[in-house]
Amino acid sequence: MENPVQQLRVDGNRLWRSLMAMAEIGATPAGGCNRQALTDEDREGRDLFVRWCREIGCEIRVDRMGNLFARRPGVDNSLPAVMTGSHLDTQPTGGKFDGVYGVLAGLEVLRTLEERGIRTKAPLELVVWTNEEGARFSPAMVGSGVWAGEFSLEYGHSRKDKAGKNIGQELARIGYLGSEPAQPGPIKAAFEAHIEQGPVLEKQNQVIGVVTGVQGIRWYDVTFSGTPCHAGPTPMEDRRDPVQALAGLCEKLYAEVKAYSEDARITCGDLRAEPGSRNTVPEMVVLALDLRHPTTEGLAHLHRTLYRLAEQVQKTTGVTIDVREEWYSPPVAFDKDCIGAVHSAVERLGYSHRRMVSGAGHDAVYVSRVAPVSMIFVPCAGGLSHNEAESAEPGHLEAGCNVLLQAMLASAELA
């Protein structure tokens, strides 16, 4: 006979209302969200989250990286906590669900338990990580990275945006520079719910992705240095044009990445030309480059390919090319017991599902270095994310939240 608690379900309508309320903060005319890390909009979103958590009796802590923790005590608070959460910051033209779904799905789990009077042996902890996106401050996932020991606190606080403001200053400005050490306590298991941010689940008509790991990511700043000169009088053959070198490198790199593996990814996400005048050949162009692959060997191959091709293009164009690695996140395999808890919950709930590797980086990557972790994916329309048109079905969001609820209960155990 099924345990009555296994029949427990979240309130999908309440989850949707919470998502739509949070989406009003930083709402864009095109229907998305611009709630970049440590802006006034981020502060407003954090304030709303804190208010909601206090309404159900959670204890709130803020660490020195601004990571927010809402704790629902267990019957035995000496036991390691069961954690969930994600992030509230968005891309400049982000959507309503990336990151925020994982936070508010966790909140809905806590609300459901509170209204039913259900206690767990272990405490439950819901976290909002600082600057997951890396849109305003590079690198991505820096809040969870400092917390997990990947980066020093000094490094985290020193990250600057394009205006020269750093994370430490902006945390203080918005009132979220906490006093708690940015380091983990004992954690039994951690789960992160998220939209897939890709098209696989939707194409295969699956409701849940049981995530087994995350592919590796390497970020680079590639600087092309040439000679600035007048656009009219200077013949093409006499130019050291950094844009020409950029085009040559990109053409070669895209071709080799595509030929190497269908799992390989390359993205040129940001370009800056200096001095930035229409009728002047630039002196310098800086390219922000993203390479990804699910295996360590594959990512290492792409890394070597980038340096090899940059050297080739430098020789043929006379433009100096400097490749600087900004960030490296190796491929991650999640914990088999946490994967098992998610899979068992999906099976009991009867949702269609598939096992999959995440193509995007998540805070779960750094959490996995200090605790057992897995993730739960739900479909998003057309696979679109980092886009104001990002969309997800309320029923799919509810299903993912139900899986999260059951996985957390299995790990925390009923009192």
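**Some points on the overall build of the chain**
Each helix and strand in the chain was counted, giving twelve helices and 15 strands. Taking 415 residues into account, the globule formula puts the C-alpha radius of gyration at 22 Å, and the chain, at 23 Å, falls close to it. Across its three principal axes, the chain shows a C-alpha extent of roughly 80 × 45 × 40 Å. For the chain, the residues scored as buried account for 55% of the 415 residues in total. Partitioning the intrachain contacts of the chain with sequence separation of at least 6 by distance along the chain shows that 79% fall at a separation of at least 24. On the chain, roughly 17200 Å² of surface is accessible, and the fraction owed to carbon and sulfur atoms is 48%. Averaging the locations of the 43 positively and 54 negatively charged side chains of the chain gives two centres separated by 1 Å.

**Re the sheet that holds strand β12 (residues 320-329)**
If you walk across this open sheet you meet the four strands as β9-β11-β7-β12, and the pairing is antiparallel. A strand with exactly one partner marks an edge of an open sheet, and here the two such strands are β9 (265-274) and β12. The sheet shows a mean angle of 15° between the axes of neighbouring strands, taken without regard to direction. As defined by bridge partners, β9 adjoins strand β11 (residues 284-293) across nine bridges and the pair is classed as antiparallel. Within β11, the position partnered with E274 by the bridge is M284. Across the sheet, helix α8 (residues 242-260) is in contact with β7 (216-225), β9 and β11; its angle to β11 comes to roughly 5°. Strands β7, β9, β11 and β12 of the sheet are contacted by helix α9 (residues 296-317), whose axis makes an angle of about 165° with β12.

**Some words on the pattern of salt bridges**
Summed over the entire model, instances satisfying the criterion amount to 26 salt bridges. With its nearest N and O atoms 2.3 Å apart, the salt bridge here joins R369 to E150. Placement of R369 in the loop between α11 (364-367) and β15 (373-378) and of E150 in the loop between α4 (142-147) and α5 (153-158) is noted, with a sequence separation of 219 residues between them. On the basis of relative accessibility, which here comes to 33%, the residue E150 falls in the partly exposed class. Note that R173 is salt-bridged to E170, the shortest N-O span being 3.1 Å. Here R173 and its partner E170 are both found in helix α6 (residues 167-174), three residues apart, which amounts to about one turn of the helix. Shared partners join several salt bridges into a network, and the residues in it are D40, R43, R136, D161, E170 and R173.

**Examining the nonpolar core**
Counting 102 residues, the largest nonpolar core has F49, Y101, L104, F191, I208, F334 and L397 as its most contacted members. At ten residues, helix α12 (residues 394-412) tops the list of elements feeding residues into this core. Ignoring sequence-local partners within four residues, the contact set of Y101 consists of L15, L19, A193, H194, I195, V378, H396, L397, G400 and C401.

**Some remarks on the packing of aromatic side chains**
Here the structure, examined in full by the defined rule, presents six aromatic pairs. The interplanar angle of 25° and the centroid separation of 5.0 Å between the aromatic rings of F151 and Y155 together place this pair among those described as stacked. What makes Y155 partly exposed here is its relative accessible area of 24%. Pairing F151 with Y366 gives two aromatic rings, centres 5.7 Å apart and planes at 80°, and the pair type is edge-to-face. With F151 in the loop between α4 and α5 and Y366 in helix α11, this pair connects stretches of sequence that are 215 residues apart. As far as the burial class goes, F151 and Y366 line up, both buried. An aromatic cluster of at least three residues, connected via ring pairs, comprises F69, W129 and W147.

**Focus: α6**
Taken together, the buried positions of α6 are I167, G168, E170, L171 and I174. Tucked into the core, α6 has its buried residues touching α2 (40-55), α4 and α5. Measuring from the side-chain oxygen of the N-cap residue of α6 to the backbone nitrogen of G168 gives 3.1 Å; that N-cap residue is N166. Positive phi appears at G175, one or two residues downstream of α6, with a value of about 85°.

**Some remarks on the pairing of strand β4 (residues 124-129)**
Across the six residues of β4, six count as buried, placing the element largely inside the fold. Burial along β4 is two-sided: the face carrying L124, L126 and V128 and the face carrying E125, V127 and W129 are both buried. Bridge count for strand β3 (residues 81-87) against β4 is six bridges, and the pairing is parallel. In the sheet register, G85 faces β4, and the bridge partner there is V127. Handedness of the β3-helix α3 (residues 100-116)-β4 crossover: right-handed.

Rules used in this analysis
Residues numbered from 1 in each chain as written. Predicted model: local features only at pLDDT ≥ 70, side-chain atom pairs only at ≥ 80, totals over all residues. Heavy atoms only, no water. Helix = DSSP H or I, 4+ residues; strand = E, 2+ residues; numbered from the N terminus. Rg over C-alpha atoms; globule rule 2.2 N^0.38 Å. Buried < 20%, exposed > 50% of the residue type's maximum accessible area, 1.4 Å probe, protein only. Contact = heavy atoms within 4.5 Å. Areas by Shrake-Rupley, 256 points an atom, 1.4 Å probe, with all protein chains shown as cover. Lys, Arg positive; Asp, Glu negative; His and termini not counted. Charge placed at Lys NZ, Arg CZ, Asp CG, Glu CD. Pairing = 2+ DSSP bridges. Axes fitted to C-alpha atoms, helices over the stretch in contact; angles between N-to-C directions. Salt bridge = Lys/Arg side-chain N within 4 Å of Asp/Glu carboxyl O. Core = buried A, V, L, I, M, F, W, Y, C linked by side-chain atoms within 4.5 Å. Phe/Tyr/Trp six-rings, centres within 6.5 Å; stacked < 30°, edge-to-face > 60°. Polar contact = N/O pair within 3.5 Å; in protein donor to acceptor, adjacent residues only side chain to side chain. Right-handed = clockwise from strand over helix to strand, strands pointing away.

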